[in-house]
Amino acid sequence: MPSYRIPSDDRVRASLVRVFSTRQIVDSQRRLKALVEKDMKGDERYRVGEPRLRLLAIDSGLVDLEINCRDTDEMRSLIKCPVCGARLKKVRNMTVFGGTVTLGYRCERCKYWTGLKRRVPTRYVFTRRA
Ligand SMILES: [Zn+2]
(Lines give C-alpha, C1' and ligand atoms only; values in the text may rest on other atoms or scores of the structure.)
Protein backbone atom coordinates (compact mmCIF):
# COMPACT_ATOMS: atom_id res chain seq x y z
CA MET A 1 0.00 0.00 0.00
CA PRO A 2 1.51 3.32 -1.01
CA SER A 3 1.23 5.99 1.61
CA TYR A 4 0.90 9.68 0.91
CA ARG A 5 2.03 12.75 2.72
CA ILE A 6 0.14 16.01 2.95
CA PRO A 7 2.41 18.83 1.73
CA SER A 8 2.69 22.16 3.53
CA ASP A 9 1.24 25.31 1.95
CA ASP A 10 4.76 26.53 1.20
CA ARG A 11 5.64 23.33 -0.55
CA VAL A 12 2.54 23.52 -2.74
CA ARG A 13 3.21 27.20 -3.56
CA ALA A 14 6.78 26.40 -4.59
CA SER A 15 5.49 23.61 -6.78
CA LEU A 16 2.94 25.94 -8.43
CA VAL A 17 5.78 28.30 -9.32
CA ARG A 18 7.70 25.44 -10.97
CA VAL A 19 4.65 24.10 -12.80
CA PHE A 20 3.81 27.51 -14.27
CA SER A 21 7.42 28.28 -15.14
CA THR A 22 7.14 25.73 -17.95
CA ARG A 23 3.55 26.27 -19.06
CA GLN A 24 1.20 29.13 -19.67
CA ILE A 25 -2.08 27.41 -19.08
CA VAL A 26 -3.53 24.44 -17.23
CA ASP A 27 -7.05 23.80 -18.34
CA SER A 28 -8.52 21.86 -15.45
CA GLN A 29 -8.19 21.57 -11.73
CA ARG A 30 -7.65 17.83 -11.94
CA ARG A 31 -4.78 18.37 -14.37
CA LEU A 32 -3.21 20.96 -12.08
CA LYS A 33 -3.44 18.54 -9.18
CA ALA A 34 -1.70 15.85 -11.24
CA LEU A 35 1.06 18.24 -12.32
CA VAL A 36 1.70 19.51 -8.81
CA GLU A 37 1.72 16.05 -7.28
CA LYS A 38 4.10 14.84 -9.96
CA ASP A 39 6.34 17.85 -9.37
CA MET A 40 6.49 17.23 -5.62
CA LYS A 41 7.10 13.53 -5.93
CA GLY A 42 10.49 12.43 -4.76
CA ASP A 43 11.27 9.73 -2.26
CA GLU A 44 7.79 10.29 -0.97
CA ARG A 45 4.46 10.79 -2.66
CA TYR A 46 2.29 13.78 -1.90
CA ARG A 47 -1.42 14.35 -2.12
CA VAL A 48 -3.10 17.71 -2.32
CA GLY A 49 -6.88 18.11 -2.37
CA GLU A 50 -8.34 19.99 -5.34
CA PRO A 51 -10.22 22.67 -3.35
CA ARG A 52 -7.11 23.36 -1.27
CA LEU A 53 -4.94 23.57 -4.38
CA ARG A 54 -7.43 25.95 -6.01
CA LEU A 55 -7.30 28.26 -2.98
CA LEU A 56 -3.50 28.25 -2.89
CA ALA A 57 -3.42 29.00 -6.63
CA ILE A 58 -5.92 31.89 -6.25
CA ASP A 59 -3.98 33.43 -3.38
CA SER A 60 -0.57 32.90 -4.99
CA GLY A 61 -1.07 35.85 -7.33
CA LEU A 62 0.63 33.67 -9.92
CA VAL A 63 -2.36 32.82 -12.09
CA ASP A 64 -5.62 34.17 -13.38
CA LEU A 65 -8.52 31.87 -12.75
CA GLU A 66 -11.21 31.38 -15.35
CA ILE A 67 -14.33 29.84 -13.86
CA ASN A 68 -16.58 27.96 -16.25
CA CYS A 69 -20.09 27.52 -14.96
CA ARG A 70 -23.33 25.92 -15.89
CA ASP A 71 -26.61 27.76 -15.47
CA THR A 72 -29.29 26.42 -13.20
CA ASP A 73 -32.84 27.54 -12.39
CA GLU A 74 -32.09 27.37 -8.71
CA MET A 75 -32.92 30.60 -6.89
CA ARG A 76 -31.35 30.73 -3.49
CA SER A 77 -29.50 33.48 -1.69
CA LEU A 78 -25.78 32.88 -1.47
CA ILE A 79 -23.51 33.99 1.33
CA LYS A 80 -20.23 32.21 0.67
CA CYS A 81 -18.40 31.92 -2.62
CA PRO A 82 -18.62 28.34 -3.95
CA VAL A 83 -15.17 28.72 -5.51
CA CYS A 84 -13.06 30.15 -2.70
CA GLY A 85 -15.27 30.43 0.38
CA ALA A 86 -15.03 34.22 0.69
CA ARG A 87 -18.10 36.24 1.59
CA LEU A 88 -19.99 37.29 -1.53
CA LYS A 89 -21.02 40.86 -2.30
CA LYS A 90 -24.53 41.55 -3.48
CA VAL A 91 -24.83 43.18 -6.87
CA ARG A 92 -27.62 45.71 -6.55
CA ASN A 93 -29.43 48.06 -8.81
CA MET A 94 -31.65 51.04 -8.09
CA THR A 95 -35.31 50.58 -8.80
CA VAL A 96 -37.54 53.30 -10.22
CA PHE A 97 -39.19 53.42 -6.81
CA GLY A 98 -35.99 54.56 -5.13
CA GLY A 99 -35.17 51.25 -3.49
CA THR A 100 -32.59 48.68 -4.48
CA VAL A 101 -32.97 45.24 -5.93
CA THR A 102 -30.45 42.42 -5.75
CA LEU A 103 -29.38 41.25 -9.20
CA GLY A 104 -26.89 38.64 -8.12
CA TYR A 105 -23.64 38.13 -6.28
CA ARG A 106 -19.95 38.49 -6.95
CA CYS A 107 -16.73 37.52 -5.24
CA GLU A 108 -13.90 40.00 -4.96
CA ARG A 109 -11.32 37.37 -4.17
CA CYS A 110 -11.71 35.07 -7.17
CA LYS A 111 -14.12 36.96 -9.50
CA TYR A 112 -16.87 34.34 -9.39
CA TRP A 113 -20.23 35.92 -10.12
CA THR A 114 -23.78 34.73 -10.44
CA GLY A 115 -27.20 36.14 -11.16
CA LEU A 116 -30.14 35.21 -8.98
CA LYS A 117 -30.33 31.97 -10.91
CA ARG A 118 -27.32 30.21 -9.57
CA ARG A 119 -24.29 29.54 -11.77
CA VAL A 120 -22.53 26.39 -10.64
CA PRO A 121 -18.77 26.13 -11.28
CA THR A 122 -17.89 23.16 -13.46
CA ARG A 123 -14.34 23.74 -14.64
CA TYR A 124 -11.39 25.91 -13.80
CA VAL A 125 -8.74 27.18 -16.19
CA PHE A 126 -5.51 28.50 -14.71
CA THR A 127 -3.48 30.93 -16.79
CA ARG A 128 -0.09 32.26 -15.79
CA ARG A 129 -0.10 36.00 -15.29
CA ALA A 130 2.09 38.01 -17.63
ZN1 LIG B 1 -14.54 33.48 -4.59
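The numbering scheme is per chain: residues are counted from 1 as the chain's sequence reads. With the structure being a predicted model, the display of local features is reserved for residues of pLDDT at least 70 and the display and counting of side-chain atom pairs for 80 or more, all residues being used for whole-chain, interface and lining totals.

Explain the overall build of the protein chain to me, please; I cannot follow it from the model alone.
To qualify as a helix, a DSSP run of H or I must reach at least 4 residues; to qualify as a strand, a run of E must reach at least 2; elements of each kind are numbered from the N terminus. Each helix and strand in the protein chain was counted, giving 3 helices and 8 strands. Going from the N terminus to the C terminus, the protein chain shows its helices and strands as β-α-β-α-β-α-β-β-β-β-β. Here the C-alpha atoms of the protein chain give a radius of gyration of 18 Å, more than 25% beyond the 14 Å that 2.2 N^0.38 yields for 130 residues. Principal-axis analysis of the C-alpha atoms gives the protein chain an extent of 65 × 35 × 20 Å. Considering the protein chain as a whole, with its 130 residues, one finds that 20% of them fall into the buried category. Long-range pairs, those at least 24 residues apart, make up 60% of the contacts in the protein chain with a sequence separation of at least 6. Within these notes, the globule rule equals 2.2 Å times the number of residues to the 0.38 power, and the radius of gyration is based on C-alpha atoms. The burial criterion counts other C-beta atoms lying within 10 Å of a residue's C-beta, which is placed from the backbone; the residue is buried at 20 or more, exposed at 12 or fewer, and partly exposed between these limits. In this description, a residue-residue contact is defined by the distance between C-beta atoms placed from the backbone, which must lie within 7 Å.

Help me out: how do you make sense of the sheet that holds strand 8 (residues 117-128) in this one?
Strand pairing in a sheet relies on backbone hydrogen bonds. The paired strands run either parallel or antiparallel. One requirement defines pairing of two strands: DSSP has to find at least two bridges between them. Within the open sheet, the 3 strands sit side by side as 2-8-4. Their pairing is antiparallel. This sheet does not close on itself; its edge strands, each paired only once, are strand 2 (25-26) and strand 4 (63-75). Where strand 2 and strand 8 come together, 2 bridges link them in antiparallel fashion. What sits directly across from I25, in strand 8, is T127.

Would you explain unusual backbone geometry in this entry?
Leaving glycine aside, a negative phi is the common case for residues, and trans is the common case for peptide bonds. Phi at K111 takes a positive value of approximately 75 degrees, unusual for a residue other than glycine. Mapped onto the fold, K111 is located in the loop between strand 6 (100-106) and strand 7 (113-115).

What is the right way to read the nonpolar core from this model?
The nonpolar side chains of soluble globular proteins are, as a tendency, buried together. Judged by nonpolar contacts, the single largest core of 22 residues is most densely connected at V36 and A57. Mapped by element, the contributors of at least two residues to this core are helix 1 (9-22), helix 2 (29-40), helix 3 (50-60) and strand 8. Sort the elements by how many residues they give to this core and helix 1 lands first, with 4 residues. Setting aside its immediate chain neighbours within four residues, V36 contacts V12, S15, L16, V19, V48 and L53. Each nonpolar core reported here comprises buried Ala, Val, Leu, Ile, Met, Phe, Trp, Tyr and Cys residues connected via C-beta atoms within 7 Å.

It is not clear to me how the environment of R54 should be interpreted in this structure. Could you clarify?
Secondary-structure assignment places R54 in helix 3. Given 21 C-beta atoms within a 10 Å radius, R54 is considered buried. Through-space distance from the C-alpha of R54 to that of L65 is 9.0 Å; in sequence the pair is 11 residues apart. Leave out the neighbours within four places in its chain, and R54 touches Q29 and Y124.

What exactly am I supposed to notice about the pairing of strand 5 (residues 89-94) here?
Side chains on a regular strand alternate between the two faces of the sheet. Within strand 5, only 0 of the 6 residues are buried, which leaves it mostly out in the open. Summarising the sheet, strand 5 and strand 6 pair through 6 bridges and their orientation is antiparallel. Of the residues in strand 6, the one forming a bridge with K90 is Y105. Where strand 5 hands over to strand 6, the hairpin turn is made up of 5 residues, of which G98 adopts a positive phi near 90 degrees.

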